[in-house]
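Each chain, letter by letter, is given below.
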Amino acid sequence: MGRLLVVDLTTGGVGEETLQQEYADRFVGGSGLAARYIYDLTDSDTDPLGPENPLLLMAGPLVGTKAPSCSRYVVCARSPQTGLWGESNIGGFLAPQLRCAGYDGIVVRGRAERPVYLLIGDAQAELRDASSLWGSDTYTTQEAIKTQLGDPSWRVACIGQAGENLVKYSSIMADEGRAAGRSGMGAVMGSKRLKAVACRGSGAIPLAEPEMFERSAQDAVALLRDDVSTRVFRETGTAGSANVMSMFGNMPNRYFRQGTFDEVDKISGSTISETILVGTSGCYGCVVQCGRKVRISEGTYRLEETDGPEYETVAALGSLLLIDDLAAICHMNHLCNSYGMDTISTGVTLGLAFHLYEEGIIGGRDTDGLTLRWGDPEPAIRLIELAARREGLGDLLAEGSLALAKRYGFEELAAQVNGLEVGMHDPRASSGVTLSYLTSPRGACHNKSDTYWLDVGRTMEDLDIGMTDRFEEEGLAELVARHQNWRSACDSLVSCFLPYLPSDNLAELLSAATGREVAKKDLLRTGERILNLKRLLNLRWGLEVDNERLPGLLMEPLSDGGTAGHVPDVQRVLTDYYRIRQWDRRTGRPAMDKMQELGLKDVAGEVY
Ligand code: SF4
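Residues numbered from 1 in each chain as written. Predicted model: local features only at pLDDT ≥ 70, side-chain atom pairs only at ≥ 80, totals over all residues. Heavy atoms only, no water.

K.L.:
Is there a simple way to explain the pairing of strand E12 (residues 194-199) in this structure?
P.N.:
A regular strand carries its side chains on alternate faces of the sheet. In terms of burial, E12 is largely enclosed, as six of its six residues are buried. Two strands pair when backbone bridges link them, and strand E7 (residues 116-121) and E12 are joined in this way by five bridges, in the parallel orientation. Paired with leucine 118 across the bridge in E12 is valine 197. (Buried < 20%, exposed > 50% of the residue type's maximum accessible area, 1.4 Å probe, protein only. Helix = DSSP H or I, 4+ residues; strand = E, 2+ residues; numbered from the N terminus. Pairing = 2+ DSSP bridges.)

K.L.:
How should helix H21 (residues 503-514) be read in this particular structure?
P.N.:
Each α-helix winds once per 3.6 residues, and so residues spaced three or four apart point in a common direction. The end-to-end C-alpha distance of H21, which contains twelve residues, comes to 17 Å, matching closely the 16 Å that a straight helix rising 1.5 Å per residue would cover. The buried count for H21 comes to nine of twelve residues, which makes it a mostly enclosed element. Along H21, the positions that sit buried rather than exposed are Ser503, Asn505, Leu506, Ala507, Leu509, Leu510, Ser511, Ala512 and Ala513. Contact partners of the buried residues in H21: helix H7 (210-226), helix H20 (476-493) and helix H22 (520-540). Glycine 515, located one to two residues past H21, shows a positive phi value of around 80°. (Expected span 1.5 Å × (residues − 1). Contact = heavy atoms within 4.5 Å.)

K.L.:
I would appreciate a short explanation of the site of the ligand in the present structure.
P.N.:
As a structural note, the neighbourhood of the ligand is formed by Arg72, Arg178, Gly282, Cys283, Cys286, Val288, Gln289, Cys290, Cys496, Leu498 and Pro499. In the shell around the ligand, the residues fall into seven nonpolar, two polar and two charged. (Near = heavy atom within 4 Å. Nonpolar A, V, L, I, M, F, W, Y, C, P; charged D, E, K, R; others polar.)

K.L.:
Quick question: what am I supposed to make of the environment of leucine 536 here?
P.N.:
As for its position among the elements, leucine 536 is in helix H22. Looking at leucine 536, the relative accessible area reads 1%, which means it is buried. If near-sequence neighbours (up to four positions away) are discounted, leucine 536 is found in contact with Pro590, Met595, Val603, Ala604 and Val607.

K.L.:
Which parts of the structure should I look at to understand the sheet that holds strand E11 (residues 178-180)?
P.N.:
Two modes of strand pairing occur in sheets, parallel and antiparallel, and in both the strands are linked by backbone hydrogen bonds. Strand order in the open sheet made by the six strands is E8-E7-E12-E9-E10-E11, with mixed pairing throughout. Edge positions in the sheet fall to strand E8 (124-129) and E11, since each has one partner strand and no second. When the angles between neighbouring strand axes are averaged without regard to direction, this sheet yields 20°. Where strand E9 (residues 155-158) and E12 come together, four bridges link them in antiparallel fashion. The partner of arginine 155 across the bridge, within E12, is cysteine 199. (Axes fitted to C-alpha atoms, helices over the stretch in contact; angles between N-to-C directions.)

K.L.:
Explain the packing of H20 against H22 here, please?
P.N.:
When two helices pack together, their arrangement is captured by the angle between the axes and the distance separating the axes. H22 packs onto H20 with a crossing angle of 90° between their chain directions and a minimal axis gap of 7 Å. In terms of their interaxial angle, H20 and H22 are classed as roughly perpendicular. Facing H20, whose interface residues are Arg482, Gln484, Asn485, Trp486, Ser488, Ala489 and Ser492, H22 presents Leu523, Leu524, Gly527, Glu528, Ile530 and Leu531. Per-class residue counts for the contact of H20 with H22 are six nonpolar, five polar and two charged. (Parallel < 35°, antiparallel > 145°, perpendicular 65-115°, else oblique.)

K.L.:
How do you make sense of H22 when you look at a structure like this?
P.N.:
Here H22 spans 30 Å end to end across 21 residues, near enough to the 30 Å set by a 1.5 Å rise per residue. The buried fraction of H22 is high, at 17 of 21 residues. Backbone geometry just after H22 places glycine 542 at a positive phi near 95°.

K.L.:
Please clarify how the side chain of arginine 292 should be interpreted in this entry.
P.N.:
With respect to the helices and strands, arginine 292 occurs in strand E14 (residues 291-296). For the buried arginine 292, which has no salt bridge, the nearest side chain bearing the opposite charge is glutamate 235, at an N-O separation of 8.5 Å. Within the local environment of arginine 292, its side chain forms a polar contact with the backbone oxygen of cysteine 290, the two atoms lying 3.1 Å apart. (Lys, Arg positive; Asp, Glu negative; His and termini not counted. Salt bridge = Lys/Arg side-chain N within 4 Å of Asp/Glu carboxyl O. Polar contact = N/O pair within 3.5 Å; in protein donor to acceptor, adjacent residues only side chain to side chain.)

K.L.:
What am I meant to see in the side chain of threonine 238 here?
P.N.:
Locating threonine 238 in the fold gives a position in the loop between helix H8 (228-236) and helix H9 (242-247). We classify threonine 238 as buried; its relative accessible area is 12%. Within the structure, the side chain of threonine 238 is placed 2.9 Å from the backbone nitrogen of tyrosine 311, a separation counted as a polar contact. Contact partners of threonine 238, with chain neighbours within four places excluded, come to Phe233, Glu310, Tyr311 and Leu498.

K.L.:
Where do I start with the nonpolar core in this structure?
P.N.:
Soluble globular proteins tend to pack their nonpolar side chains together in the buried interior. Formed by 123 residues in total, the largest nonpolar core has its most connected members in Leu62, Met251, Phe256, Met341, Leu383, Met424 and Trp486. Counting 33 residues, the second largest nonpolar core, distinct from the first, contains Val7, Leu57, Leu94 and Ile120. (Core = buried A, V, L, I, M, F, W, Y, C linked by side-chain atoms within 4.5 Å.)

K.L.:
How should unusual backbone geometry be read in this particular structure?
P.N.:
Backbone geometry follows two general trends: most residues other than glycine have a negative phi, and most peptide bonds adopt the trans configuration. Omega for the peptide link from leucine 493 to valine 494 comes to -5°, which places this bond in the cis form. A positive phi angle is found at leucine 166, which is not glycine, with a value near 60°. Looking at the secondary structure, you find leucine 166 in the loop between helix H5 (161-164) and strand E10 (172-174). Assessed through its relative accessible area of 26%, leucine 166 is described here as partly exposed.

K.L.:
What is the right way to look at the packing of aromatic side chains in this model?
P.N.:
The way to describe two aromatic rings as a pair is by their centre distance and the angle between their planes. Taken as a whole, this structure holds eight aromatic pairs when the rule is applied. Here tyrosine 23 and tyrosine 37 contribute two aromatic rings whose centre-to-centre distance is 5.4 Å and whose plane-to-plane angle is 80°, an arrangement assigned as edge-to-face. On the criterion of sequence distance, the pair formed by tyrosine 23 in helix H1 (residues 21-27) and tyrosine 37 in helix H2 (residues 30-41) is long-range, its members being 14 residues apart. Each member of the pair tyrosine 23 and tyrosine 37 is classed as buried. An angle of 85° between the planes, with centres 6.3 Å apart, marks the rings of phenylalanine 93 and tyrosine 284 as edge-to-face. Here tyrosine 284 lies in the loop between strand E13 (277-281) and E14 and phenylalanine 93 lies in the loop between strand E5 (85-90) and helix H3 (94-100), a separation of 191 residues in the sequence. Connected via pairs of aromatic rings, a cluster forms that spans Phe233, Tyr452 and Trp453. One Lys or Arg, arginine 155, reaches over the ring of phenylalanine 93 and ends 4.2 Å from the middle of that ring. The positively charged end of arginine 487 is found above the aromatic ring belonging to phenylalanine 497, 4.3 Å away from the centroid. (Phe/Tyr/Trp six-rings, centres within 6.5 Å; stacked < 30°, edge-to-face > 60°. Lys NZ or Arg CZ within 6 Å of the ring centre and 35° of its normal.)

K.L.:
Looking at this model, I keep getting lost on a negative patch on the surface. Mind explaining?
P.N.:
On the surface, a cluster of negative charge is contributed by Glu209, Glu211, Asp219, Asp504, Glu508 and Glu517. Of all the secondary structure elements, the ones that give two or more residues to the negative patch are H7 and H21. With respect to the helices and strands, glutamate 508 occurs in helix H21. Residue class for glutamate 508 comes out partly exposed when judged on its relative accessible area of 35%. (Patch = residues over 30% accessible without salt bridge, like charges linked within 9 Å, V, L, I, M, F, W, Y side chains within 5 Å. Areas by Shrake-Rupley, 256 points an atom, 1.4 Å probe, with all protein chains shown as cover. Charge placed at Lys NZ, Arg CZ, Asp CG, Glu CD.)

K.L.:
Is there a simple way to explain the pattern of salt bridges in this structure?
P.N.:
Side-chain pairs of opposite charge can arise whenever the charged atoms involved come near each other. What the rule picks out here adds up to 42 salt bridges. Across the salt bridge formed by arginine 3 and glutamate 16, the nearest N and O atoms sit 2.8 Å from each other. Of this pair, arginine 3 sits in strand E1 (residues 3-8) while glutamate 16 sits in strand E2 (residues 13-18), and the two are 13 residues apart along the sequence. According to the relative accessible area criterion, arginine 3 is partly exposed, its value standing at 28%. In this structure, the salt-bridge partner of aspartate 40 is arginine 36, at a minimum N-O distance of 2.8 Å. Within this pair, aspartate 40 and its partner arginine 36 are both found in helix H2, separated by four residues, close to a single helical turn. Arginine 36 gets classed as buried once you look at its relative accessible area, which sits at 5%. Several salt bridges share partner residues, and in doing so they unite Glu22, Arg26, Arg36, Asp40 and Asp602 into one network.

Spelled out as structure tokens, the structure:
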């Protein structure tokens, strides 16, 4: 579209600027392009919750087109949760509306005096008063704005009470349970008193080679329709993987003290489908429809039709706390979605609290009398409410697991890397997951190299990324680096990781959309460039090489289950990885030769 919407909440100014084509050529869109802009807009002192921290919502060059599963967007800023690179990827329908309104992204700066929301329509962008919405949950907020605007076709992304209260792992929610969950982007929005962004556009998205694009898009849709994983994800959602994850010891439970969950059948995706599923939902232009619609018709956790949990959530709010009551997990998922809280970080922080309680490190005096008993949903529900409102113990829980562990002098018990709680894939179950957690730009991210799919045979032969022996460390660093480069390119497009669109196909779609000839090797190189740029940003913000490690909790071998006796050789895989990346093992800096090779010399200066 060639334009960014630029909003200054302090002055109330809303304007636009021309997209810097040279940035788009080198960083494409999504989180790559966001990183390049954020490099210009921040310095080492940028306060993540200060008005100076820019918040970027970025679409990609395929968003809103017929390219299937390519219409997500990213929200990026310096993270208040980690102090490092913050990035969260969200689906739904808002990004296509944004592009149809004429913009590739939004840059938000400053802080409003009173709560506002940003309205973006055709030839219209303005700030509106949101005082009456402050204090509302995310579902109520979306409905209220649509009612105010008199048309349900508006798409709204918003924060709930958690974002308003600056809960460090608060999310931004949109559409049918879609979440920008990780790294606290909801808190950045809350710090700016920006309650929501509402968008609706009706313009066309120009394509450089429309006929070629149409052919490529049809090929891509046909490929996805034929792919067996499309059917699996539609029928059982991502939680359909729970059984195999558990078998491999990859489904954390009892706060990472076990990896194989005996009760997995009670909370798996198949069970959801057979018992409480009433429908599916999906993002714009996706044939998969992995979203769950569930209803709990009776009992304590009765719920009208609402958005159901995905794999990370059934593990984080279920197995991790030894909760095997699917209705209770759905209830907690709904609470987190309503308040706007990342379910992974919520579950890990609660799990740590339960563990500290079991060990006698905290007691009733710390929990306002709550008994934290494994498998009991009631205290978990109460803790979610307290954290969202920052009441009592909730004020500490709202800071995340690392702060909680430090408060009681047990830092090694916080299941995090660089301040971000690990996803629901036990690093002891896969050395590739370990390396991904250690080196992802946003901390312990399970998505930047999701090797747990390779471990179960979802390979990417077109990228020479084959099936892995999950404990094998020889050659692993090269594979993970390549995988990360690809995922990083996908985050710039912004395409979904779940469906498997071959790299040649994506390159063809991008070429046809932009008129610039791109091959998969170019996309891999772009991904590498973006990862190194995020590395530079993290070094600017104080990334320490010594923090790229697993905490003691996750370095203890488990006695049984699918990982019995195994711990990854962290030093070996990291040393290999640094060599392949050409990063200095002591300082963490990329070599200047590498910067030159990637065309990053213009931004590398400050870290040398
Ligand atoms: S697979 Fe699921 S998350 Fe990905 S684009 Fe499709 S519906 Fe959205």
